[in-house]
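Observations on the three-dimensional arrangement
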Amino acid sequence: MSESFKFSVNDKGLFSVKEKKLSLRGILGKRARIQSKILEAQEKLRHWQTELDGLQRELEALNSPVVNDWIQHMEQLKLGAEKKAQELLRGFVGELAYQKIQKQGYVNFTAKDGLHYKINRKGHVFRGEKQLCIIRPSELPLPDFVVAALVNVRESPRKFPLRR
Amino acid sequence: MVVTIKKLGPAGHETFNLTLDEAQAMADTDQGRYFIIDEETTKIVQEVKLRDGQKVMFVPVVQGG
């Protein structure tokens, strides 16, 4: 395409007129570019449609009764484990200390280093006001972790550094 | 007589009723990974020598951060 200016004069003044020449090559080229952009857009559309279909299928599968039943089963197991763990904690620390943990949120104990410690119902152990850094083993029910933290600090108190 | 072991784990504790030999073998295998606690005294079992009729807990050794 090439551009040209023409001028016309009439009683109202001088006017410029811009003209574009559409060559055969220019028209064919522009059509080819538009066609190419359409193909590219269609390709992207297909890609995202496939992506969307895949995600929908995956979500549908994750919502299937088999998965839901399994989740329910695992939640029941977790609940059972939690209940068992509460009983174990009660048996281990004794009724009095167990009630103290439930009501006051913590119980005191003395470790092998002769120092006094405090453990709360989340299994956080404190030397004075400072909390010890203890890594909770994955998936251990919380009351079982309280027992584990208590036993571990009681037996090896110096193994656990203070949290910064 | 049996030895009753409560072993703490991800699904809550599991209870095992084992003969003394079986229980001792389990204790020997898990030594270092678990504290072995007498349920009655809540004290650690010294030298990991179990007794017939004893009730013990295997409490996992946890790490400091």
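Up top is the structure.
Residues numbered from 1 in each chain as written. Chains lettered and ligands numbered in written order. Predicted model: local features only at pLDDT ≥ 70, side-chain atom pairs only at ≥ 80, totals over all residues. Heavy atoms only, no water.

Brief notes about a nonpolar patch on the surface
Residue and element names in this part refer to chain A. Put simply, the rule reads: Candidates for patches are residues over 30% relative accessible area with no salt bridge; among them, like charges are joined within 9 Å and nonpolar side chains (Val, Leu, Ile, Met, Phe, Trp, Tyr) within 5 Å. Surface accessibility follows the Shrake-Rupley procedure with a 1.4 Å probe radius. Residue values consider only the protein chains on display as shielding. By salt bridge we mean one thing: a side-chain nitrogen of Lys or Arg within 4 Å of a carboxyl oxygen of Asp or Glu. Runs of E in the DSSP output that reach at least two residues are strands. Runs of H or I that reach at least four are helices, and both are numbered from the N terminus. A 1.4 Å probe rolled over the protein chains alone gives each residue an accessible area, and that area as a share of the maximum for its type sets the label: buried under 20%, exposed over 50%, partly exposed in between.
A cluster of nonpolar side chains, namely F5, F7, V9 and L14, defines an oily patch on the protein surface of about 510 Å² accessible area. Residue placement: V9 occurs in strand β1 (residues 2-10). A relative accessible area of 66% places V9 in the exposed class.

Thoughts on the interface of chain A and chain B
What counts is decided by this rule: Pairs of residues are marked as contacts when any of their non-hydrogen atoms sit within 4.5 Å. Take the accessible area each of two parts loses on contact, using a 1.4 Å probe, and add the two losses: that sum is the buried area. Here a polar contact means two N or O atoms within 3.5 Å. Within protein one must be a hydrogen donor candidate and the other an acceptor candidate, and residues neighboring in sequence count only if both atoms are side-chain atoms.
Counting residues at the interface gives 22 residues for chain A, matched by 20 residues for chain B. Counting each side, the surface lost to burial between chain A and chain B is near 1,900 Å², with a carbon and sulfur contribution of 67%. Taken as a group, K84, L88 and F92 of chain A account for 25% of the area that chain A buries against chain B, more than any other trio of residues on that side. Between chain A and chain B we count 6 residue pairs in polar contact (both at pLDDT 80 or more) in total.

What to know about the pairing of strand β4 (residues 116-120) of chain A
The two faces of a sheet get side chains in turn, since along a regular strand they alternate between them. All names here are of chain A. Under the convention used in this document: Being paired, for any two strands, means DSSP has found at least two bridges between them.
By the bridge criterion, 5 bridges tie strand β3 (residues 106-110) to β4 in an arrangement that is antiparallel. Pairing of N108 across the sheet is with K118, part of β4. For β4 and strand β5 (residues 125-127), the ladder comprises 3 bridges, and the chain directions are antiparallel. Looking at the pairing, Y117 lines up with R127 of β5.

Structural notes on the nonpolar core
Nonpolar side chains in soluble globular proteins tend to be buried together. Basically, it comes down to this: Buried residues of nine kinds, namely Ala, Val, Leu, Ile, Met, Phe, Trp, Tyr and Cys, make up a nonpolar core once their side-chain atoms join them within 4.5 Å.
Counting 31 residues, the largest nonpolar core has V125, I134 and V147 of chain A as the members making the most contacts within it. Breaking this core down by element, the ones donating at least two residues are α2 (65-93), α3 (95-104), β3, β4 and α4 (142-155) of chain A together with β3 (34-38) and β4 (55-60) of chain B. Not counting residues up to four positions away in its chain, the partners in contact with I134 of chain A are V125, F145, A149, V153 and F160 of chain A together with V62, Q63, G64 and G65 of chain B. Membership of the second largest hydrophobic core comes to 13 residues, among which are I5, L18, A27 and V56 of chain B.

Side note on the sheet that holds β4 of chain A
Residue and element names in this part refer to chain A. Rules: Between N-to-C directions, angles cover 0 to 180 degrees, with each direction set by a line fitted to C-alpha atoms, over the stretch in contact for helices.
Reading across from one edge, β3-β4-β5-β6 is the order of the 4 strands in this open sheet, with antiparallel pairing throughout. Of all the strands in the sheet, just β3 and β6 (130-131) have a single pairing partner and so form its edges. Contacts from α4 reach β3, β4 and β5, with the element oriented near 170° to β4.

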